[in-house]
Amino acid sequence: MKLYYKAGACSLSPHIVLREAGLDFTISKVDLVTKRTEQGESLYQLNPKGQVPTLVLDDGTVLTEGPVIVQYIADQKPDRQLLPEPGSLARYEALEWLNYIATELHRGLSPLFNAKIPDEYKALQREAMSKKFSYLDDSLKNKQFLLGQRFSVADAYLFTMLTWAKVLKFDLSQYKELSGYFERVAARPAVDAALTAEGLK
């Protein structure tokens, strides 16, 4: 498999999950301005959406959209227990978290990177995001990870969004549970390896 990524982008989430799953894969860096890979390929030829993450499977099949890609990866190695069993209530809890992170955190943080967005909007958005961080902080009480004591694909996605929050200068230290959670996830060997491979350490 080959994962097309941009350092620190939302593609970090499937990158972490690939390493957690212990699957054989390669990575290819993409310039999202030129839409070219480091090998000179057009990203649009691989993914008409022109976005990362893009995962090309061994048979040439292309998967896009991070929350879907991480589910596919987890299901290739069920023994790693990166997602609860299909049909279980815990599975739906994991999917609930993936959807929350995608629609509330990913969608909420993305505009803050855009220099053309008015400051008034950014201030309102930052206030809204702070409330979401408080919700996450409450949700992590007495838990190691989002689903309890076991790391899941949802944690890879949340960790990625928290790295964005740090880049955007959100003060996460005021959220005790969330701060401890971030450090726990960052210390995982697979996470450390992904950050190192992307030049983020």
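We now turn to the structure provided with this report. (Residues numbered from 1 in each chain as written. Predicted model: local features only at pLDDT ≥ 70, side-chain atom pairs only at ≥ 80, totals over all residues. Heavy atoms only, no water.)

## Details of the overall build of the protein chain
Point 1. Across its full length, the protein chain carries eight helices and five strands.
Point 2. Secondary structure of the protein chain in N-to-C order comes out as β-α-β-β-α-β-β-α-α-α-α-α-α.
Point 3. Relative to the globule expectation of 17 Å for 201 residues, the C-alpha radius of gyration of the protein chain, 17 Å, shows essentially globular dimensions.
Point 4. A principal-axis box enclosing the C-alpha atoms of the protein chain has dimensions of 45 × 45 × 30 Å.
Point 5. Classification of the 201 residues of the protein chain by burial places 48% in the buried group.
Point 6. When the accessible surface of the protein chain is summed, it comes to about 10,100 Å², and 51% of that surface belongs to carbon and sulfur atoms. (Helix = DSSP H or I, 4+ residues; strand = E, 2+ residues; numbered from the N terminus. Rg over C-alpha atoms; globule rule 2.2 N^0.38 Å. Buried < 20%, exposed > 50% of the residue type's maximum accessible area, 1.4 Å probe, protein only. Areas by Shrake-Rupley, 256 points an atom, 1.4 Å probe, with all protein chains shown as cover.)

## A look at the pattern of salt bridges
Point 1. Within this structure, the stated rule accounts for six salt bridges.
Point 2. Put simply, Asp138 and Lys141 hold a salt bridge, and the shortest N to O gap is 3.6 Å.
Point 3. Overall, Asp138 belongs to the partly exposed group, its relative accessible area being 48%. (Salt bridge = Lys/Arg side-chain N within 4 Å of Asp/Glu carboxyl O.)

## Observations regarding the pairing of strand S1 (residues 2–5)
Point 1. Pairing between S1 and strand S2 (residues 26–31): four bridges, direction parallel. Note on S2: the bridge partner recorded for Tyr4 is Ser28.
Point 2. Tracing the backbone out of S1, into helix H1 (residues 12–21) and back to the parallel element S2 gives a crossover that is right-handed.
Point 3. Strand direction decides the pairing type here: S1 and strand S4 (residues 54–56), joined by three bridges, are antiparallel. (Pairing = 2+ DSSP bridges. Right-handed = clockwise from strand over helix to strand, strands pointing away.)

## Let's talk about the nonpolar core
Point 1. In this structure, Leu55, Leu109, Phe133, Phe170, Leu178 and Tyr181 are the most contacted members of the largest nonpolar core, which totals 55 residues.
Point 2. Breaking this core down by element, the ones donating at least two residues are H1, helix H3 (66–76), helix H4 (89–109), helix H5 (119–139), helix H6 (153–167), helix H7 (176–186) and helix H8 (189–197).
Point 3. Not counting chain neighbours up to four residues away, the residues in contact with Leu178 comprise Phe133, Leu136, Asp137, Leu140, Leu162 and Leu172. (Core = buried A, V, L, I, M, F, W, Y, C linked by side-chain atoms within 4.5 Å. Contact = heavy atoms within 4.5 Å.)

## Overview of the sheet that holds strand S3 (residues 36–37)
Strands pair in a sheet through their backbones, by hydrogen bonds, and they do so in one of two ways: parallel or antiparallel.
Point 1. The strand order S3-S2-S1-S4-S5 describes an open sheet built from five strands, whose pairing is mixed. The outermost strands of the open sheet, each flanked by one partner alone, are S3 and strand S5 (62–64).
Point 2. Taken together, the two bridges between S2 and S3 define a ladder with antiparallel strand orientation. The partner of Val30 across the bridge, within S3, is Thr37.
Point 3. Where H3 meets the sheet, its contacts fall on S4 and S5, and the angle it forms with S5 comes to roughly 125°. (Axes fitted to C-alpha atoms, helices over the stretch in contact; angles between N-to-C directions.)

## Focus on the side chain of Asp155
Point 1. Here Asp155 shows up in helix H6.
Point 2. Despite its burial, Asp155 pairs with no opposite charge, the nearest such side chain being Arg188 at 7.5 Å.
Point 3. Non-local contacts of Asp155, meaning those with residues more than four positions away in its chain, are made with Phe145, Leu146, Arg150 and Tyr181. (Lys, Arg positive; Asp, Glu negative; His and termini not counted.)

## Observations regarding the side chain of Ser11
Point 1. Relative to the helices and strands, Ser11 resides in the loop between S1 and H1.
Point 2. Residue classification places Ser11 among the buried positions, given a relative accessible area of 0%.
Point 3. Beyond its immediate stretch of four places on either side in the chain, Ser11 contacts Leu3, Tyr4, Tyr5, Lys6, Val52, Pro53 and Glu198.

## A closer look at the packing of aromatic side chains
Point 1. Counted by the stated rule, this structure contains eight aromatic pairs.
Point 2. Arranged with centres 5.9 Å apart and planes meeting at 90°, the rings of Trp97 and Tyr100 form a pair that is edge-to-face. Within this pair, Trp97 and its partner Tyr100 are both found in helix H4, separated by three residues, close to a single helical turn. Across the pair, Tyr100 and Trp97 agree in class, each one buried.
Point 3. Plain terms: the ring middles of Trp97 and Tyr135 are 6.0 Å apart, the flat faces sit at 35° to each other, and that makes the pair tilted. Of this pair, Trp97 sits in helix H4 while Tyr135 sits in helix H5, and the two are 38 residues apart along the sequence.
Point 4. The buried category is assigned to Trp97, whose relative accessible area is 9%.
Point 5. Grouping aromatic residues by their ring pairs yields a cluster made of Trp97, Tyr100 and Tyr135. (Phe/Tyr/Trp six-rings, centres within 6.5 Å; stacked < 30°, edge-to-face > 60°.)

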